[in-house]
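Below, each chain spelled out in residue letters.
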Amino acid sequence: MILAQCSYAKKHADTIEEYRESIDVIDRQAQKMSLLISRLLDMTRLDLGTVKLKPERTDLSEMARVLCSEQDTGERNISLHSQIQDGVFTNADPFLISRVIVNLLDNGRKYGREGGDIFLRLYSTEQEAVLEVEDNGIGIAPEDQERIWQRFYQVNPSRESGNGIGLGLSMVRQIILLHGGTVTVNSRPQQGSCFTVRLPRCPVAPSHDHEMR
């Protein structure tokens, strides 16, 4: 696309406006290539083990609230709803876990139904922190549900809303496995998908009053 636009501009562009149109196309494609290269480098570092986890006691509740408040559902009028339990902690690399949440929300936005909803739920069990991100979009056929974790695989790359690069879910699984957790999907075509992340839970820190006793 970049080469074609360069060739077109050199041969056929006669006005400033036509040059600007070509430059806009080149800019969009270059930005997409830059993102792809950055994500591939991230994946390679994860593969080679050169990404060193920096785990710390992480407040998933606060992280999820902040990330939800920063999300832009774009022009498709998708509403984001959150149910976040207070005090859900895990021992994790905050940067990598934030990537997991953002990637799952991005996935819901890309494949969600226009005018539909995304639901983020965070809660804890006795031993686990559980994150669920659900949409009511196009869903995933049973035969494709294992393939979505493969790099560059997209459920329906012809969808305009699904014009990503097919690395988000692969990165999610890699990061969660590095943290000793699991990620699964429950989906039905044309009804939506629910992704569930489970991580080892940190116990609630004792209060100062309890420590004094």
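Right above here is the structure, for reference.
Residues numbered from 1 in each chain as written. Predicted model: local features only at pLDDT ≥ 70, side-chain atom pairs only at ≥ 80, totals over all residues. Heavy atoms only, no water.

**Structural notes on the packing of aromatic side chains**
Under the defined criterion, the tally for this structure stands at 1 aromatic pair. Cation over ring: Arg57 sits above Phe89, and NZ or CZ is 4.2 Å from the ring centre. (Phe/Tyr/Trp six-rings, centres within 6.5 Å; stacked < 30°, edge-to-face > 60°. Lys NZ or Arg CZ within 6 Å of the ring centre and 35° of its normal.)

**Quick notes on a negative patch on the surface**
Taken together, the side chains of Glu17, Glu21, Asp24 and Asp27 make up a negatively charged region of the molecular surface. Within the element layout of this structure, Asp27 appears in helix H2 (residues 16-48). Taking the relative accessible area as the measure of exposure, Asp27 reaches 42% and is therefore partly exposed. (Patch = residues over 30% accessible without salt bridge, like charges linked within 9 Å, V, L, I, M, F, W, Y side chains within 5 Å. Areas by Shrake-Rupley, 256 points an atom, 1.4 Å probe, with all protein chains shown as cover. Salt bridge = Lys/Arg side-chain N within 4 Å of Asp/Glu carboxyl O. Lys, Arg positive; Asp, Glu negative; His and termini not counted. Charge placed at Lys NZ, Arg CZ, Asp CG, Glu CD. Helix = DSSP H or I, 4+ residues; strand = E, 2+ residues; numbered from the N terminus. Buried < 20%, exposed > 50% of the residue type's maximum accessible area, 1.4 Å probe, protein only.)

**Some points on the nonpolar core**
Counting 35 residues, the largest nonpolar core has Leu60, Ile97, Leu104, Leu120, Leu131, Phe195 and Val197 as the members making the most contacts within it. Breaking this core down by element, the ones donating at least two residues are helix H3 (60-70), helix H4 (94-111), strand S4 (117-124), strand S5 (128-135), helix H5 (168-178), strand S6 (182-188) and strand S7 (192-200). Counting residues per element, this core draws most heavily on H4, which supplies 6 residues. Excluding residues that lie within four positions of it along the chain, Val197 makes contacts with Val100, Leu104, Ala129, Val130, Leu131, Ile176, Thr182 and Val183. (Core = buried A, V, L, I, M, F, W, Y, C linked by side-chain atoms within 4.5 Å. Contact = heavy atoms within 4.5 Å.)

**Brief notes about a nonpolar patch on the surface**
A cluster of nonpolar side chains, namely Met33, Ile37 and Leu41, defines an oily patch on the protein surface of about 280 Å² accessible area. Its location among the elements puts Met33 in helix H2. Accessibility expressed as a relative area gives 46% for Met33, which makes it partly exposed.

**Concerning the packing of H4 against H5**
Following both chains from N to C, one finds H4 and H5 inclined at 150°, their axes separated by 9 Å at the closest point. Like other packed secondary-structure pairs, H4 and H5 cross with a definite hand, here left-handed. Along its contact with H4, which presents Leu96, Ile97, Arg99, Val100, Asn103, Leu104 and Asn107, the element H5 presents Gly168, Leu169, Met171, Val172, Ile175 and Ile176. Its residues placed into classes, the contact of H4 with H5 shows 9 nonpolar, 3 polar and 1 charged. (Axes fitted to C-alpha atoms, helices over the stretch in contact; angles between N-to-C directions. Left-handed = near helix turned anticlockwise from the far one by under 90°. Nonpolar A, V, L, I, M, F, W, Y, C, P; charged D, E, K, R; others polar.)

**Thoughts on H5**
Count 3.6 residues to each turn of an α-helix, and residues three or four apart come out pointing the same way. Those residues of H5 that sit buried are Leu169, Ser170, Met171, Val172, Gln174, Ile175 and Ile176. The first or second residue beyond H5 is Gly180, which carries a positive phi of 75°.

**A look at H4**
Here H4 is 18 residues long and its end C-alpha atoms lie 26 Å apart, about the 26 Å a rise of 1.5 Å per residue gives. Among the 18 residues in H4, 13 count as buried, and that is most of the element. You can read the cap of H4 off the contacts: a side-chain oxygen lies 3.1 Å from the backbone nitrogen of Phe95, and it is on Asp93. (Expected span 1.5 Å × (residues − 1). Polar contact = N/O pair within 3.5 Å; in protein donor to acceptor, adjacent residues only side chain to side chain.)

**Section: the pattern of salt bridges**
Summed over all chains, the structure comprises 7 salt bridges. Between Arg109 and Asp106 there is a salt bridge, and its shortest N-O distance comes to 2.4 Å. You can see Arg109 and its partner Asp106 sitting in helix H4, 3 residues apart, about one turn around the helix. For Asp106, a relative accessible area of 18% puts it in the buried group.

**Some details on the sheet that holds strand S2 (residues 79-84)**
Ordered by their spatial adjacency, 5 strands build an open sheet running S2-S4-S5-S7-S6, and the pairing between neighbours is mixed. Lying at the two open borders of the sheet, with one neighbouring strand each, are S2 and S6. Across the sheet, the mean angle separating the axes of adjacent strands is 10° when strand polarity is ignored. (Pairing = 2+ DSSP bridges.)

Spatial relationships are all this shows, so hold off on functional conclusions.
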